[in-house]
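Structural overview
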Amino acid sequence: DITYSPSCDNLCFVKTDGKYAIYNTEWQKVTDKYYDKLSFLNDGIVFSDNGKFGVMDFDCNIKHEAIYDKILQFLHINKDMVVCVRNGLYGIIRTNGDTVINCIFDKLSLFSNSGRFICAKKPKCNYWGVIDLYNMKLLLDYEFEKVEFCCSNSKEQEYFLTQKDNITILYDITGKRIC
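Residues numbered from 1 in each chain as written. Predicted model: local features only at pLDDT ≥ 70, side-chain atom pairs only at ≥ 80, totals over all residues. Heavy atoms only, no water.

1. Things to note about the overall build of the protein chain
Our working rule: For helices the rule is a DSSP run of H or I covering at least 4 residues; for strands it is a run of E covering at least 2, with both sets numbered from the N terminus onward. The rule is simple: take the accessible area with a 1.4 Å probe, protein chains only, and divide by the maximum for that residue type; under 20% is buried, over 50% is exposed, in between is partly exposed. Contacts were defined at the residue level, with two residues in contact if any of their heavy atoms lie within 4.5 Å. Only the protein chains shown count as cover for residues, and the accessible areas themselves come from Shrake-Rupley with a 1.4 Å probe.
Broken down by element type, the protein chain carries zero helices and 18 strands. For the protein chain, with 179 residues in total, the buried portion stands at 44%. Within the protein chain, contacts between residues at least 6 apart in sequence are counted, and of these 21% link residues at least 24 apart. Accessible surface, the protein chain: about 9,900 Å² in total, of which carbon and sulfur atoms supply 44%.

2. Here we look at a nonpolar patch on the surface
To keep it simple, the criterion reads: Note on patches: the residues involved have over 30% relative accessible area and no salt bridge, like charges join within 9 Å, and the nonpolar side chains Val, Leu, Ile, Met, Phe, Trp and Tyr join within 5 Å. Any carboxyl oxygen of Asp or Glu that lies within 4 Å of a side-chain nitrogen of Lys or Arg is treated as forming a salt bridge with it.
The grouping of I2, Y4 and W27 at the surface amounts to a nonpolar patch, some 350 Å² of accessible area in total. Tracing the backbone through its elements, the reader meets Y4 in strand β1 (residues 2-4). Taking relative accessible area as the criterion, Y4 reaches 54% and is therefore assigned exposed.

3. Section: the nonpolar core
The test is simple: Only buried Ala, Val, Leu, Ile, Met, Phe, Trp, Tyr and Cys residues count toward a nonpolar core, and they belong to the same one when joined by side-chain atoms within 4.5 Å.
I92, I101, F105, L108, I118, I131 and L133 are the most contacted members of the largest nonpolar core, which has 14 residues in total. Of all elements in the fold, only β9 (81-86), β11 (99-105) and β13 (117-121) reach the threshold of two or more residues within this core.

4. Re the packing of aromatic side chains
Think of a pair of aromatic rings as described by two things: how far the centres are apart, and how the planes are tilted against each other in angle. This is how it is decided: Only Phe, Tyr and Trp rings are paired, with Trp represented by its six-membered ring, and only when their centres lie within 6.5 Å; those with planes under 30 degrees apart are stacked, over 60 edge-to-face, the remainder tilted. Two conditions define a charge sitting above a ring: the NZ of Lys or the CZ of Arg must be within 6 Å of the ring centre, and it must be within 35 degrees of the ring normal.
For the structure shown, the criterion picks out seven aromatic pairs. Here the aromatic rings of F40 and F58 are separated by 6.2 Å at their centres, their planes lie at 50°, and the arrangement is tilted. Of the two residues, F40 sits in strand β4 (residues 37-40) while F58 sits in the loop between β6 (52-56) and β7 (62-68), which places them 18 residues apart along the sequence. Accessibility classification places F40 together with F58 in one group, the buried group. Pairwise contacts between aromatic rings join F13, F40 and F58 into one cluster. The side chain of K33 reaches across the aromatic face of Y35, ending 6.0 Å from its centre.

5. Considerations on the pattern of salt bridges
For the structure on display, the rule yields six salt bridges. Measuring nitrogen to oxygen at the nearest pair gives 2.5 Å for the salt bridge that ties D69 to K52. Here D69, found in the loop between β7 and β8 (70-76), pairs with K52, found in strand β6; they are 17 residues apart in sequence, far enough to count as distant. Overall, D69 belongs to the partly exposed group, its relative accessible area being 26%. The class of K52 is partly exposed, set by a relative accessible area of 30%.

6. Digging into the environment of I2
Relative to the elements of secondary structure, I2 occurs in strand β1. Between the C-alpha atoms of I2 and A21, which are 19 residues apart in sequence, the distance is 9.8 Å.

7. Some remarks on the sheet that holds β4
For clarity, the threshold we go by: At least two DSSP bridges between two strands are needed for those strands to be called paired. Angles shown run from 0 to 180 degrees and are taken between the N-to-C directions of axes, each axis being a line fitted to C-alpha atoms and, for helices, limited to the stretch in contact.
The antiparallel open sheet is built from four strands, whose spatial order is β4-β5-β6-β7. Of all strands in the sheet, those with a lone pairing partner are β4 and β7, marking the two edges. On average, adjacent strands in this sheet sit at an angle of 15° to one another, irrespective of strand direction.

8. A look at the side chain of N24
Which entries qualify depends on this criterion: Two N or O atoms form a polar contact when they lie within 3.5 Å of each other; inside protein one atom must be a possible hydrogen donor and the other a possible acceptor, and for residues adjacent in sequence the pair counts only when both atoms belong to side chains.
Positionally, N24 belongs in strand β3 (residues 19-24). Only 2.9 Å separates the side chain of N24 from the backbone nitrogen of Q28, close enough to count as a polar contact. When residues no more than four places from it in sequence are discounted, the contact partners of N24 are N10, L11 and V30.

Remember that the coordinates give geometry; whether it matters functionally is a separate question.
Here's what the structure looks like:
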């Protein structure tokens, strides 16, 4: 069983006896380690070791140790950011080793086509807020029962449609209330 990647043309994963190893294109084993699971990201590799997940770069340097319960690859926010789960709480890490948001949220939901905004729900709180990932700031506080991302027909204007106490409120992407 061999897995190749469209994002990395010099590595592949080979499954032998239920474990995965990393090989280069000359069929030389790149690391001595065997992993439970391996999968490619745009600019890194997710690995699983003893049921926990981590991230390494294409040179097989570990950027995030295998401490996460999950790394949700389908929530690949930007080219270099993924959603991770630790002890049931969600956070965001970069594939280069940086932690963007610690694992402190009950839920995260990806917003906007650009991957700029996420909607977050704190533990023991039934309310959502919006975080601007470009500026790393809380754009809308955790006070909404519902938050949806929407844009104009031309997709030039982006908005947040929120609901609080059964009242719908529209905000622009700077957090300014429109109506």
